[in-house]
Amino acid sequence: MTGSESQDDRAAWPEEDPVDGAATARATVDPRGIVTGWSEGARRLLGYRSAEVVGRAAAGLLARQPPVDTLRSLKTLPRWNGTVTLRHRDGHRLTVDLLAHRREPDNGAGAVGGGSHWLLVSPLARPPASPQDDALTMWAFTQSPGTTALYDAGLRLLRANARMERVIGLSEKAMQGLRVSEIVVDPQSDRTEECMRQALRTGEQQHIQVALHLVGHERASSWTTALTPVRDAEGTVRGVLLSAQDMTEEHLARGRLALLNDASVQIGSTLDLARTAQELADVAIPRLADFVTVDLLPAIEGGEDPRAGSPTSPVMLRRVAYQSVLEGCPEVVVQRGTVAAYPDESTAARCLITGQPLIENVNAAAIAQVAARTPDRAERMRRYGFHSVLAVPMRARGITLGVATFSRHRRPEPFEQDDLLLGQEITARAAICIDNARRYGRERRTSLTLQSSLLPQRLPPQAAVEVASRYLPASVQAGVGGDWFDVIPLSGARVALVVGDVVGHGIQASATMGRLRTAVRTLADVDLPPDELLTHLDDLVIHLSADADAGADSTAGTADDIIGATCLYAVYDPVSRRCTLARAGHPLPALATPDGAVEFLDVPAGPPLGLGGLPFEAIEVELPEGSLLALYTDGLVEARGRDIDQGLDALRAVLARSVPSLEDTCDTVLQALLPDRPADDVALLIARTRALDAAHVATWDVPPDFASVARIRKQACKQLDEWGLDDAVFVTELIVSELVTNAIRYGGAPIQLRLIRDRNLICEVSDASNTAPHLRRARASDEGGRGLLLVAQLTQDWGTRQTYTGKTIWAEQTLPAT
């Protein structure tokens, strides 16, 4: 190149390739052992031109056959290396180092050992030793991209590469002669030095992972370090090579993934809104932030949907949860449950107004702005050193719920984009869970209100029994169920006791419960026996289920749950002290007699309501006066982790105690059997039986003769005189005359009159006919037909009930208070 050549001319010349491809002999051999490729380097090595070798057997180039073991190993080895003796074109022999690579065809054809090609390479000459080799080695060490340092046998630093100098922030000269623990003052350095000693003692490479906060670095860094013993030519360990790899980003990524995993497990463990918000705050401390607050729009906790669009100014938020790395959360200004106003310039308000997450670095100017609006917040920010804030809006299903604010005052590094994405991820999960809790809370309140309105508000006083009851809804997680109970007055001073349980939870279960309770009351008014009543109720549930299926089909969906229920129905007669019971898939009732004995009545187990086609059976038992009859739903005796027999034994033990008050008995039963958060609804109804003795009941057999009407009427009036009910004589005479006359005229023997003195006066006439009377409007010319109308006008209530031997017509009069 002459001096007149320009820089552009030199740049236009092609660069000289420093790699001499012909310095290596290369040949390829196919699976049959035929040479398929021959390089210029191969020609230089053996003197054969390509045309003289390609297409011929490679074995012809060998001056000596390889050992048999070598040939066998070629069938399985992916690569082989060793020395071979070849024959030059001029006839002399050459012993060369050969490296053979097995190569599979591009199309994947050819099996190992059968269809593989081989690439054979051998260097023409070894590069001679150069005086610059040592310098090249040192240059390679110094410029290595790894973080590397060499220590002598005394663990004093000899050399450090450029990467190590940048990481530590010191030059090699400044570090020479110092130990690791003197270069980086940190407990992790002592661990590293101990591993270096072990490498010197054992001669084995050691590995260690450390986290360091190095001078000049904003955040702690994570390192994976290999400590390799360095040996001399005789194998004596002369030093240790420290090679460190920065794993900070990988460590942070693993930490973020771990936090996301923990958030997916810990957030939303219940359907409690406040607890879910607290779980968000808890999971973010300390791995994401030093202080976290969760604030919701006030309408959210009430279950309402907030107004569409941005919140109005000033933004009102209710503090729901907070957490801190400091014990007791001393940074808190707004306490839980407090509604506070946030100006438009505040971080939380700007986040909600824009609907976007934001990172704000806290400096003196920012604190001064806060102090102008809320001095107490500014004072806490100064005291604890807040320097970075991340605010994330909480949105779910298109609704803005509130804002989660993450702050740092102990961790020195500010929030970054990766932190923002992580905050969004865990906040989005929490928002979905909070919205689920909000919606569930609204449905739960609706269900409780509906169920409360459908259950008896108070139990009417009964002559037959003294009653006490309890209803406990399930825990928030399980939801409101369809348990119910009822006490239904019947004719003849009798009473019906009923407890039922609808399958499922929620509004649907509560609504179904209401329909079944209404149906039971309607059927009870007809005075059906317990087994027949359950049969009719079973038909109703079948119809309800069919209607639900039809509704689901019409909306191209499926019913949420199959409608089904269990029920226990009992009728107690205080005159005979007999109780008739039947059940449809319901737990057995418990009976505690006055002598302290407790048993579970063996009522035949009918199928649950809604199956259809199976009969129900009833039993009749005589109860001593003062017996306790306990009816309940399965939530009382069944609990997670407890066998049902244990629950029944616990109920038996409580009922065996002598507790005068039924209210106290109910409380004792619930305390003994239920956990703090029951998984299912519980309905409990306890009745103490009473008896109406001969002093309260009078009975006469009536001959089927109209002449006996006057005598029976006279005896009834005499009984009223003995009871001191002179005011009821006139009406009772009319009732007895009408009902007995009708029984003689339209009914059949045997005929019986019974007067029952209770809170009211009950008159009953029984006969053998199954034909029930009915009211009718008499014409002016009719001689009869006005009797029952007169009875209906003069009494509080009247009616007919069927018996196994006929029917009973009854009429009830109100007695004056005494």
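Parameters at a glance
Residues numbered from 1 in each chain as written. Predicted model: local features only at pLDDT ≥ 70, side-chain atom pairs only at ≥ 80, totals over all residues. Heavy atoms only, no water. Helix = DSSP H or I, 4+ residues; strand = E, 2+ residues; numbered from the N terminus. Buried < 20%, exposed > 50% of the residue type's maximum accessible area, 1.4 Å probe, protein only. Contact = heavy atoms within 4.5 Å. Areas by Shrake-Rupley, 256 points an atom, 1.4 Å probe, with all protein chains shown as cover. Salt bridge = Lys/Arg side-chain N within 4 Å of Asp/Glu carboxyl O. Patch = residues over 30% accessible without salt bridge, like charges linked within 9 Å, V, L, I, M, F, W, Y side chains within 5 Å. Pairing = 2+ DSSP bridges. Axes fitted to C-alpha atoms, helices over the stretch in contact; angles between N-to-C directions. pLDDT = per-residue confidence, 0-100. Lys, Arg positive; Asp, Glu negative; His and termini not counted. Charge placed at Lys NZ, Arg CZ, Asp CG, Glu CD. Expected span 1.5 Å × (residues − 1). Arc of directions from axis to C-beta. Phe/Tyr/Trp six-rings, centres within 6.5 Å; stacked < 30°, edge-to-face > 60°. Lys NZ or Arg CZ within 6 Å of the ring centre and 35° of its normal. 1 Å grid on protein atoms, 1.4 Å probe; cavity = no way out; pocket = protein on both sides within 12 Å on 5 of 7 lines; lining within 4 Å. Points joined across faces, edges and corners; volume = space filled by probe spheres on them. Core = buried A, V, L, I, M, F, W, Y, C linked by side-chain atoms within 4.5 Å. Polar contact = N/O pair within 3.5 Å; in protein donor to acceptor, adjacent residues only side chain to side chain.

*Asks:* What is the right way to read the overall build of the chain from this model?
*Replies:* Scanning the chain from N- to C-terminus turns up 23 helices and 32 strands. The buried share among the 818 residues of the chain stands at 44%. The contacts of the chain with a sequence gap of at least 6 include a subset with a gap of at least 24, amounting to 60%. Surface summary for the chain: the accessible area is close to 41,800 Å², and the carbon and sulfur share equals 52%.

*Asks:* What's the story with the pattern of salt bridges in this structure? I'm lost.
*Replies:* Oppositely charged side chains are able to pair whenever their charged atoms sit close together. All told, the structure shown has 37 salt bridges when counted by the stated rule. The salt bridge partner of arginine 32 is aspartate 30, with a shortest N-O separation of 3.2 Å. Connected through salt bridges with shared partners, the residues Arg156, Arg179, Glu182, Glu193, Glu194, Arg197 and Arg201 form a single ionic network.

*Asks:* Is there a simple way to explain a nonpolar patch on the surface in this structure?
*Replies:* On the surface, Phe730, Leu734, Leu790 and Leu794 cluster together into a nonpolar patch covering about 350 Å² of accessible area. Listing elements by their share of the nonpolar patch, those giving two or more residues are α22 (729–746) and α23 (787–794). Relative to the helices and strands, leucine 794 is located in helix α23. Leucine 794 sits in the partly exposed class, given a relative accessible area of 35%.

*Asks:* I keep staring at the sheet that holds strand β9 (residues 221–231) and nothing clicks. Help me out?
*Replies:* Whenever strands of a sheet pair, they do so through backbone hydrogen bonds, lying parallel or antiparallel. Here we have five strands laid out as an open sheet, ordered β7-β6-β10-β9-β8, and antiparallel in their pairing. Looking at which strands have only one partner, the edges of the open sheet turn out to be β7 (157–160) and β8 (206–212). Within this sheet the neighbouring strands show an average axis-to-axis angle of 25 degrees, counted without direction. Contacts from helix α9 (residues 187–202) reach β6 (147–152), β8, β9 and β10 (237–246) within the one sheet, and its direction differs from that of β8 by about 170 degrees.

*Asks:* Would you take a moment to explain the confidence of the model for the chain for this structure?
*Replies:* Atom-level detail of predicted coordinates should not be read off regions where pLDDT is low. For the chain, the mean per-residue pLDDT works out to 85, and 88% of the residues sit at or above 70. Mean pLDDT across the elements of the chain bottoms out in helix α1 (residues 7–12) (49) and peaks in strand β11 (residues 291–296) (96). Note on residues 1–6: pLDDT is under 50 here. Beyond four places in sequence and across chains, it has three contacts. Under a pLDDT of 50 for its full length, residues 9–13 has, in the predicted model, three contacts with residues more than four places off or in other chains.

*Asks:* Is there a simple way to think about a negative patch on the surface in this case?
*Replies:* A contiguous patch of negative charge on the surface is contributed by Asp721, Glu722, Asp726 and Asp727. Assignment of secondary structure puts aspartate 726 in the loop between α21 (708–723) and α22.

*Asks:* I tried to follow the environment of arginine 219 on my own but got confused; where do I start?
*Replies:* Structurally, arginine 219 is set in the loop between β8 and β9. Sequence spacing of arginine 219 and proline 412 is 193 residues, and the spatial spacing of their C-alpha atoms is 7.0 Å. Excluding residues that lie within four positions of it along the chain, arginine 219 makes contacts with His213, Thr248, Leu252, Glu413 and Glu416.

*Asks:* What is the right way to look at α21 in this model?
*Replies:* One full turn of an α-helix is made of 3.6 residues, so residues set three or four places apart face in the same direction. Helix length check: α21, at 16 residues, gives a terminal C-alpha distance of 23 Å against a target of 22 Å (1.5 Å per residue), a fit within 8%. If you check which residues of α21 are buried, you get Ser708, Val709, Ile712, Ala716, Cys717, Gln719, Leu720 and Trp723. Where α21 is buried, its residues meet β28 (697–702), α22, β29 (751–757) and β30 (760–767).

*Asks:* Would you take a moment to explain helix α10 (residues 248–266) for this structure?
*Replies:* Here α10 spans 26 Å end to end across 19 residues, near enough to the 27 Å set by a 1.5 Å rise per residue. Of the residues making up α10, those classed as buried are Thr248, Arg256, Leu259 and Ala263. Within α10, the buried residues cover an arc of 80 degrees as seen down the axis, which keeps them to one side. Among the exposed residues of α10, those oriented more than 90 degrees off its buried face are Leu257 and Val265. Trailing α10 by a residue or two, glycine 268 shows a phi angle of about 90 degrees, which is positive.

*Asks:* Can you walk me through the packing of aromatic side chains in this structure?
*Replies:* Under the criterion given, the structure shown has one aromatic pair. Here the aromatic rings of phenylalanine 291 and phenylalanine 386 are separated by 6.0 Å at their centres, their planes lie at 85 degrees, and the arrangement is edge-to-face. Taken together, the positions of phenylalanine 291 in strand β11 and phenylalanine 386 in the loop between α15 (375–384) and β15 (388–396) put the pair 95 residues apart, joining distant regions of the chain. You'll find phenylalanine 291 and phenylalanine 386 in the same group, each marked buried. Note that arginine 336 overlies the ring of tyrosine 322, its terminal NZ or CZ placed 4.0 Å from the centroid.

*Asks:* Would you explain the pairing of β15 in this entry?
*Replies:* On a regular strand, each side chain points to the face opposite its neighbour's, so the side chains alternate between the two faces of the sheet. Counting buried positions along β15 yields eight of nine residues, so the element is predominantly enclosed. With four bridges joining them, strand β14 (residues 358–361) and β15 adopt antiparallel strand pairing. In the strand pairing of β15, leucine 358 is matched with alanine 391. Bridge analysis of β15 against strand β16 (residues 399–408) gives nine bridges, and the strand direction is antiparallel. Residue pairing for β16: alanine 391 is matched across the bridge by threonine 405. Adjacent in sequence and paired antiparallel, β15 and β16 are bridged by two residues, among which arginine 397 carries a positive phi angle near 55 degrees.

*Asks:* Explain the sheet that holds strand β2 (residues 35–38) to me, please; I cannot follow it from the model alone.
*Replies:* If you trace the five strands from one edge of the open sheet to the other, you get β2-β1-β5-β4-β3, paired in antiparallel fashion. Looking at the sheet topology across the chains shown, the edges are occupied by β2 and β3 (79–87). Each strand axis lies, on average, 30 degrees off the axis of its neighbour in the sheet, ignoring direction. Across nine bridges, the pairing between β3 and strand β4 (residues 93–103) is antiparallel. Residue pairing across strands places valine 84 opposite valine 96, the latter belonging to β4.

*Asks:* How should empty space enclosed by the protein be read in this particular structure?
*Replies:* Leftover empty space is mapped by rolling, across the atoms, a probe with the size of a water molecule. Across all of its chains, the model carries one cavity of 30 Å³ or more by this definition. In this structure, the largest cavity spans a volume of roughly 280 Å³. In this structure, the largest cavity is lined by 21 residues; those nearest its centre are Met164, Ile168, Val184, Leu212 and Leu242. Counting only elements with at least two residues in the lining of the largest cavity, the list comes to β6, α6 (162–168), α8 (180–183), α9, β8, β9 and β10.

*Asks:* Would you take a moment to explain the nonpolar core for this structure?
*Replies:* Across soluble globular proteins, you tend to see nonpolar side chains buried next to one another. Formed by 48 residues in total, the largest nonpolar core has its most connected members in Met394, Leu401 and Phe406. No other element matches helix α16 (residues 417–454), which puts eight residues into this core. Apart from residues no more than four positions distant in its own chain, phenylalanine 406 is found in contact with Ala284, Leu288, Ala289, Phe291, Val292, Ser388, Val389, Leu390, Val392, Phe415, Ile426 and Thr427. Membership of the second largest hydrophobic core comes to 30 residues, among which are Ala698, Leu720, Leu761 and Val791.

*Asks:* Looking at this model, I keep getting lost on the side chain of serine 324. Mind explaining?
*Replies:* Within the element layout of this structure, serine 324 appears in strand β12 (residues 315–324). Only 2.9 Å separates the side chain of serine 324 from the backbone nitrogen of leucine 326, close enough to count as a polar contact. At 2.5 Å, the side chain of serine 324 forms a polar contact with the side chain of glutamate 331.

*Asks:* Looking at this structure, how should I read unusual backbone geometry?
*Replies:* A negative phi angle is the norm for most residues apart from glycine, just as the trans form is the norm for most peptide bonds. Looking along the chain, the bond that leaves isoleucine 285 and enters proline 286 is cis, with omega of 0 degrees. By the secondary structure assignment, proline 286 is in the loop between α11 (273–284) and β11. Positive phi outside glycine occurs at aspartate 527, with the angle close to 65 degrees. Relative to the helices and strands, aspartate 527 resides in the loop between α17 (507–525) and α18 (530–554). For aspartate 527, a relative accessible area of 10% gives the class buried.

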